[in-house]
Amino acid sequence: PAEVTNARRLEGGLMFAGTDLDEHVTPFDAGFSKMVEFDADDFIGRAALEGADRRQRIWGLTCAGGEPQRGARVVVDGNEVGRITSSAWSPTLQCGIAIVRMNAPVWSPGDQITTPCTDGAMHLGELCELPFYDAAGDIRSGRSTEIPEIIPG
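Below is a short write-up of the structure. (Residues numbered from 1 in each chain as written. Predicted model: local features only at pLDDT ≥ 70, side-chain atom pairs only at ≥ 80, totals over all residues. Heavy atoms only, no water.)

1. Things to note about unusual backbone geometry
To keep things clear, this is the line we draw: Secondary structure is summarised from DSSP: a helix means a run of H or I of at least four residues, a strand means a run of E of at least two, and numbering begins at the N terminus for each. A simple rule labels every residue: compare its accessible area, found with a 1.4 Å probe on the protein chains alone, to the largest value its type can have, and call it buried under 20%, exposed over 50%, or partly exposed in between.
The linkage connecting Leu-130 with the following residue, Pro-131, adopts the cis geometry, with an omega of 0°. Residue placement: Pro-131 occurs in the loop between β6 (122-128) and α3 (138-141). One non-glycine residue with positive phi stands out, namely Asp-77, at about 50°. In this fold, Asp-77 is placed in the loop between β2 (73-76) and β3 (79-90). Among the residues examined, Asp-77 registers a relative accessible area of 77% and is labelled exposed. Look at Gln-94: it is not a glycine, yet its phi comes out positive at around 55°. Along the chain, the position of Gln-94 falls in the loop between β3 and β4 (95-102).

2. Here's the deal with the packing of aromatic side chains
When we look at a pair of aromatic rings, we describe it by the centre distance and by the angle of the planes. How we decide: Stacked, tilted and edge-to-face are the three classes assigned to paired rings of Phe, Tyr and Trp, where Trp is represented by its six-membered ring and a pair needs centres within 6.5 Å; plane angles under 30 degrees give stacked, over 60 edge-to-face, the rest tilted. By definition here, charges over rings are those cases where NZ of Lys or CZ of Arg is within 6 Å of the ring centre and within 35 degrees of the ring normal.
Enumeration over the complete set of coordinates arrives at two aromatic pairs. Centroid distance Phe-28 to Phe-38: 6.4 Å. Interplanar angle 25°. Geometry classified as stacked. Placement of the pair is Phe-28 in the loop between α1 (2-11) and α2 (46-50) and Phe-38 in the loop between α1 and α2, with a sequence separation of 10 residues. On the numbers, 6.2 Å between centres and 40° between planes, the contact of Phe-38 with Phe-43 is tilted. On the basis of relative accessibility, which here comes to 26%, the residue Phe-43 falls in the partly exposed class. Each residue in the set Phe-28, Phe-38 and Phe-43 is aromatic and connected to the rest through ring pairs, giving one cluster. The side chain of Arg-9 reaches across the aromatic face of Phe-16, ending 3.9 Å from its centre.

Below is the structure:
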């Protein structure tokens with residue numbers, strides 16, 4: 001089912017162009033700084049990246065209280081600080097997960113933010129590294145094809 005596929009994509013930290021990434025997101029924003037090789041030959045966009053802020057703005061978000069609402073604005077102390085670009089209930093982690101694009105690159109894993117969830121309530125979430133648990137890349141590479149059962153939160 002589509003909801004399982006989306007949950008697995010998010011658990012594996014895979015971002016979609018046009019949803020999680022767009023023309024305003026640099027590789028640094030998305031946490032892909034290791035893929036930018038300034039020592040390599042010239043490449044398209046080099047000048048723009050040389051002057052870009054190299055801090056990350058896109059993180060994972062775990063939410064024990066519910067599933068974050070896709071497209072929702074996230075807040076800290078009543079101030080909007082980012083937006084949920086993708087979300088799902090994680091059958092593996094048994095909590096809501098999301099990819100969140102922060103407005104400024106001042107946030108990091110462990111920071112807590114408040115997000116609207118699909119149950120209509122605001123819940124506390126915590127920023128984390130991507131992928132959520134598959135650091136070896138078994139989901140991304142297709143080595144892990146096991147599909148866990150979804151138990152809604």
